Amino acid sequence: PSLSRYSKLQLRYLGHRIELGEKRHGPDYYSILNPFIRTNYQENYISDGVNLFQNKLLLYYKKSRIKEGLYAEQASPIETKKNLFNISLYPGVGLPTFNFGFLSSHRSNGINKINIISDSVFVITDGIMSGTVITDTLDSRVDLLSKQFNISMTNQFHLWGDQIVSVNLLRINQEDLIAKSRIQSTGYFPRNAISESYGISLKTVYNNYWESSLYFNSSRYEFGEKE
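The rules we used
Residues numbered from 1 in each chain as written. Predicted model: local features only at pLDDT ≥ 70, side-chain atom pairs only at ≥ 80, totals over all residues. Heavy atoms only, no water. Helix = DSSP H or I, 4+ residues; strand = E, 2+ residues; numbered from the N terminus. Buried < 20%, exposed > 50% of the residue type's maximum accessible area, 1.4 Å probe, protein only. Pairing = 2+ DSSP bridges. Phe/Tyr/Trp six-rings, centres within 6.5 Å; stacked < 30°, edge-to-face > 60°. Axes fitted to C-alpha atoms, helices over the stretch in contact; angles between N-to-C directions. Salt bridge = Lys/Arg side-chain N within 4 Å of Asp/Glu carboxyl O. Contact = heavy atoms within 4.5 Å.

K.L.:
Help me understand the environment of S2, please; the structure alone is not making it clear to me.
P.N.:
The topology assignment puts S2 in the segment before strand 1 (4-13). Look at S2 and you get partly exposed, because its relative accessible area is 47%. With 208 residues separating them in the primary sequence, S2 and W210 have C-alpha atoms 51 Å apart.

So, in structure tokens, the structure goes:
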């Protein structure tokens, strides 16, 4: 349970960089140098990257399967399936560079039912025994679908000094698929979420001793449903 294992196989063929890998950290694994490593965790993945047009266009794709809960004692391990696609464009000197990224993720523990727990309570009042049945609902379902899209652009030019301008756009949409299920528990709160972020920065280098930076960011976050 304290084992940390990482293995990968790299293949280079016709300009492609194919990689197959596995990461595994036992539930009792601990690293003094990096105490934030995820434990009780396993990831299997395959990725491919290719450079086109003399490294001016870079394409990258990665498909991974993550499991949280490695042993049989884990009643409902959570499995996450991810697909990542990224495009990077470097047209040349004096032209802006672009980066486009898309990530889709489906996180689920495979539970599609609600557990109803019942307990009998007996009360004696004035020598008379009366019994009641108390029920409680245990809803441990996890079924989340997330999509992330980001765009970034960087450009360098000369105007009253060397200027570097960067623009970043990020949008994340999380959908709770349980909210669409016909089986619902009383008072269930959907975990739908939307996050948006827009930023622009300008760095000016006047000489070897003086430079300035200007940055603006606008973000918005919503969680749940208005109803």
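Once the structure has been displayed, the description carries forward.
K.L.:
How should I be thinking about the pairing of strand 10 (residues 162-176) in this particular structure?
P.N.:
Pairing geometry for strand 9 (residues 143-158) and strand 10, over 15 bridges, is antiparallel. If you follow N155 over to strand 10, its bridge partner there is V165. Joining the antiparallel neighbours strand 9 and strand 10 is a turn of three residues, in which W160 adopts a positive phi near 55°.

K.L.:
How should unusual backbone geometry be read in this particular structure?
P.N.:
The phi torsion at L14 lies on the positive side, around 55°, for a residue other than glycine. Within the element layout of this structure, L14 appears in the loop between strand 1 and strand 2 (16-25). Looking at L14, the relative accessible area reads 71%, which means it is exposed. Even without a glycine there, the phi angle at Q54 is positive, about 55°. Note that Q54 resides in the loop between strand 3 (41-52) and strand 4 (57-68).

K.L.:
Hey, could you run me through the packing of aromatic side chains in this one?
P.N.:
For any pair of aromatic rings, the description rests on two quantities: the centre-to-centre distance and the angle between the ring planes. Tallied over the full model, the rule gives three aromatic pairs. Here F189 and F223 contribute two aromatic rings whose centre-to-centre distance is 5.8 Å and whose plane-to-plane angle is 35°, an arrangement assigned as tilted. Placement of F189 in the loop between strand 10 and strand 11 (193-205) and of F223 in strand 12 (residues 211-223) is noted, with a sequence separation of 34 residues between them. Ring geometry for Y206 and W210: centres 4.3 Å apart, planes at 25°, overall stacked. On the basis of relative accessibility, which here comes to 36%, the residue Y206 falls in the partly exposed class.

K.L.:
Explain the sheet that holds strand 11 to me, please; I cannot follow it from the model alone.
P.N.:
Strand pairing in a sheet takes place through backbone hydrogen bonds and is either antiparallel or parallel in direction. Spatial strand order, 1-2-3-4-5-6-9-10-11-12: 10 strands in an open sheet with antiparallel pairing. Edge strands, defined here as strands with exactly one partner in the open sheet, are strand 1 and strand 12. Put simply, the sheet's adjacent strands are angled 10° from each other on average, direction ignored. Two strands pair when backbone bridges link them, and strand 5 (residues 78-89) and strand 6 (residues 97-108) are joined in this way by 11 bridges, in the antiparallel orientation. Bridge pairing links N86 to G101 in strand 6.

K.L.:
Quick question: what am I supposed to make of the pattern of salt bridges here?
P.N.:
All told, the structure shown has 11 salt bridges when counted by the stated rule. One salt bridge connects R191 with D176, and the closest N-O pair in it is separated by 4.0 Å. Residue R191 is located in the loop between strand 10 and strand 11, and its partner D176 is located in strand 10; the two are separated by 15 residues in the primary sequence. According to the relative accessible area criterion, R191 is partly exposed, its value standing at 27%. With relative accessibility at 1%, the residue D176 sits in the buried group. One network of salt bridges, in which partners are shared, links R171, E196, R220 and E222.

K.L.:
Sorry, what's going on with the pairing of strand 2 here?
P.N.:
One face of the sheet, then the other: side chains in a regular strand alternate in exactly this way. With 10 bridges connecting them, strand 1 and strand 2 associate as antiparallel partners. Bridging across to strand 2, R5 finds its partner in R24. The antiparallel hairpin formed by strand 1 and strand 2 contains two residues in its connecting segment, where L14 sits at a positive phi of about 55°.

K.L.:
In this structure, what is going on with the side chain of S47? I would like to understand it.
P.N.:
Tracing the chain through its elements places S47 in strand 3. S47 has contacts with R17, I18, E19, Y60, Y61 and K62, leaving out every residue within four places of it along the chain.

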